[in-house]
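Per-entry structural report
Listed below, chain by chain, are the residues.
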Amino acid sequence: MPWSNQSGGGGGWKSGGGGPWGQRPSGGSGGGGGQPPDLEDMLRKGQDRLRQAIPGGGGGKFLWVFVLLGVVGIWLMNCFYTVGPEEEGVVLRFGKFARSTPPGLHFIIWPIETVSLPKVQEENQMNFGVSSRGGSPEGLMLAGDQNIVDIKFSVLWKISDAKKYLFDVRDPEKLVRVVAESSMREIVGRTQGDQIRTQGRLEAQNQVKDLIQTTLNKYNAGILVTGVKLEKADPPPAVIDAFEEVQRAEQNQNKFIREAESYRNKLLGEARGEASKILEDSKAYKARVVNEAEGEAQRFISVYDEYAKAKDVTRKRLFLETLEEVYSKTNKVIIEQGQQGSGVVPYLPLPEIAKRARSGGGQSTGGSDAKRN
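Residues numbered from 1 in each chain as written. Predicted model: local features only at pLDDT ≥ 70, side-chain atom pairs only at ≥ 80, totals over all residues. Heavy atoms only, no water.

What to know about the overall build of the protein chain
Across its full length, the protein chain holds ten helices and eleven strands. Relative to its full complement of 373 residues, the protein chain shows a buried share of 21%. Within the protein chain, contacts between residues separated by at least 24 positions form 62% of all contacts whose residues are at least 6 apart in sequence. Of the accessible surface of the protein chain, which amounts to about 26900 Å², a share of 56% is contributed by carbon and sulfur atoms. (Helix = DSSP H or I, 4+ residues; strand = E, 2+ residues; numbered from the N terminus. Buried < 20%, exposed > 50% of the residue type's maximum accessible area, 1.4 Å probe, protein only. Contact = heavy atoms within 4.5 Å. Areas by Shrake-Rupley, 256 points an atom, 1.4 Å probe, with all protein chains shown as cover.)

Now the structure itself:
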């Protein structure tokens, strides 16, 4: 070694020459202090210690064995890998897809082969819009009736094909976000604002889910959309107070309409009931009059038949019945005729008593009857 030359020519460190650092610094009266350290001695001592540490006392043979064993251990550590229960192993050979491996312990030839472990069973959630009243440009969408709707929704998705997910799309999560937002804007743009806020929400969720899945399949993204949840569909925060006032007015209007319809149905029911009653009464009156007329006609026919058989007897019977009917409704006075007759015969006024009894004058009638008796 050039730095270990011990000859006295001025080139070494122990020579009198300055060597690579020039003149040796002078040390005062003692003359030897302040010299630089002897590197040759330091290297020699390090080599001796290394030989003592190696079994057999020396040589680089065992050192290479240790180095080789370390390299083999590192290689084996990179060759074995474990796939978790929610993962799928994707083996790459020189950066190109080679095979897929299920959960468990597997072996690859490293560094020729490498492995990626996407979580294919894990369900991912991506949220859109905000829940605060401040609104968000991402959540503000234009409905089919030219009204702005503040939308908040979430998309649930997972990996369906690990190969397509890793190699066919550069940024799968960004793709899902862009496609989901575009699909929601398209469906909202086709739907009326009132419908997307009320009864059309479930239908809109299903349409958005189908549209997202169809678009991702066209890109070969290897992603399965498991659900779309439309959490909010409200008017913009700037007009929500006025919108709520309009909603209350519409509710009051619907309430009044229902009350008017109820009152109309009540009157209509009563009128129909009264009309049915009048109709039934008229039918009953018609039946009674017809039956009476038929009865009178039948009676007349029967009387006529009897009259035809015995005209004198029938004529006399009719005369007596007529007198009976007439006299039963009038006051009668009996006069006894003849030489021994006393003229008007006193009698009890039975018809008058009956009339007064019917009119409620029983007590006074009883008093007058007592006087007459």
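From this point, the discussion proceeds with the structure in view.
Considerations on helix α6 (residues 201–218)
With 18 residues, α6 should cover 26 Å at 1.5 Å per step; its first-to-last C-alpha distance of 26 Å lies within 8% of that length. Looking only at α6, the buried set comprises Ala204, Gln205, Val208, Ile212, Gln213 and Leu216. For α6, the angular spread of buried residues about the axis comes to 160 degrees, placing them on one side. Buried residues in α6 make contact with β8 (148–159), α4 (172–190), α5 (193–197) and β9 (223–234). Two residues or fewer past α6, Asn220 is found with a positive phi of approximately 55 degrees. (Expected span 1.5 Å × (residues − 1). Arc of directions from axis to C-beta.)

Side note on unusual backbone geometry
Cis geometry marks the peptide bond from Trp110 to Pro111, where omega comes out at 5 degrees. With respect to the secondary-structure elements, Pro111 resides in the loop between β4 (104–107) and β5 (113–116). One non-glycine residue, Phe94, adopts positive backbone phi at about 55 degrees. Counting through the fold element by element, Phe94 comes out in the loop between β2 (89–93) and β3 (96–101). Backbone geometry at Asn220 places phi at a positive 55 degrees, although glycine is not the residue there. Relative to the helices and strands, Asn220 resides in the loop between α6 and β9.

Some remarks on the sheet that holds β3
Strands sit in the order β3-β2-β5 across an open sheet of three strands; the sheet is antiparallel. The open sheet has two edge strands with one neighbour each: β3 and β5. Pairwise comparison of adjacent strand axes, ignoring direction, gives a mean angle of 30 degrees for this sheet. Strand direction decides the pairing type here: β2 and β5, joined by four bridges, are antiparallel. Within β5, the residue paired with Val90 across the bridge is Ser116. (Pairing = 2+ DSSP bridges. Axes fitted to C-alpha atoms, helices over the stretch in contact; angles between N-to-C directions.)

With respect to the nonpolar core
Core analysis: the biggest nonpolar cluster contains 34 residues, and Ile151, Phe153, Val155, Trp157, Met184, Ile212 and Leu216 have the highest contact counts within it. If you list the elements that add at least two residues to this core, you get β2, β6 (124–128), β8, α3 (162–167), α4, α6 and β9. In terms of residue count, α4 provides more of this core than any other element does, seven residues in total. In this view, Val155 contacts Asn124, Gln125, Met126, Phe128, Ala180, Ile212, Val225, Gly227 and Val228; residues no more than four positions away in its chain are not counted. (Core = buried A, V, L, I, M, F, W, Y, C linked by side-chain atoms within 4.5 Å.)

A few points about the pairing of β3
Summarising the sheet, β2 and β3 pair through five bridges and their orientation is antiparallel. Bridge assignment links Arg93 to a residue of β3, and that residue is Lys96. Counted between consecutive antiparallel strands, the loop separating β2 from β3 contains two residues, among which Phe94 sits at a positive phi close to 55 degrees.

Concerning the packing of aromatic side chains
Evaluation of the coordinates by the stated rule reveals four aromatic pairs. Residues Phe97 and Phe167 carry aromatic rings whose centres are separated by 6.4 Å and whose planes lie at 70 degrees to one another, so their mutual orientation is edge-to-face. On the criterion of sequence distance, the pair formed by Phe97 in strand β3 and Phe167 in helix α3 is long-range, its members being 70 residues apart. Overall, Phe97 belongs to the partly exposed group, its relative accessible area being 26%. The positively charged end of Arg177 is found above the aromatic ring belonging to Phe128, 4.7 Å away from the centroid. (Phe/Tyr/Trp six-rings, centres within 6.5 Å; stacked < 30°, edge-to-face > 60°. Lys NZ or Arg CZ within 6 Å of the ring centre and 35° of its normal.)

What about the side chain of Thr191?
Counting through the fold element by element, Thr191 comes out in the loop between α4 and α5. Side-chain polar atoms of Thr191 contact the backbone oxygen of Ile187, separated by 2.9 Å. Every residue in contact with Thr191, bar those within four places of it in the chain, is listed here: Ala143, Gly144, Asp145 and Ile196. (Polar contact = N/O pair within 3.5 Å; in protein donor to acceptor, adjacent residues only side chain to side chain.)

Topic: a nonpolar patch on the surface
Taken together, the side chains of Leu68, Val72, Trp75, Leu76, Phe80, Phe94, Leu105, Phe107, Ile109, Trp110 and Ile112 define a hydrophobic patch exposed on the protein surface, amounting to about 1100 Å² of accessible area. Sorting the residues of the nonpolar patch by element identifies α2 (61–79) and β4 as the ones contributing at least two each. Here the nonpolar patch gets four residues from one element, more than from any other, and that element is α2. On the accessibility criterion, Trp110 (31% relative accessible area) is partly exposed. (Patch = residues over 30% accessible without salt bridge, like charges linked within 9 Å, V, L, I, M, F, W, Y side chains within 5 Å. Salt bridge = Lys/Arg side-chain N within 4 Å of Asp/Glu carboxyl O.)

So, the environment of Pro237
Along the polypeptide, Pro237 turns up in the loop between β9 and α7 (240–309). The partly exposed category is assigned to Pro237, whose relative accessible area is 27%.

Some words on the packing of α4 against α6
Helix packing geometry: the angle between the two helix axes and the distance between the axes. Two elements in contact, α4 and α6, have axes separated by 9 Å at closest approach and are oriented at 135 degrees. As judged from the angle between their axes, α4 and α6 are oblique. Pair α4 / α6 crosses with right-handed handedness. Contact residues: Leu175, Val176, Val179, Ala180, Ser183, Met184, Glu186 and Ile187 in α4; Ala204, Gln207, Val208, Leu211, Ile212, Thr215 and Leu216 in α6. Per-class residue counts for the contact of α4 with α6 are eleven nonpolar, three polar and one charged. (Parallel < 35°, antiparallel > 145°, perpendicular 65-115°, else oblique. Left-handed = near helix turned anticlockwise from the far one by under 90°. Nonpolar A, V, L, I, M, F, W, Y, C, P; charged D, E, K, R; others polar.)

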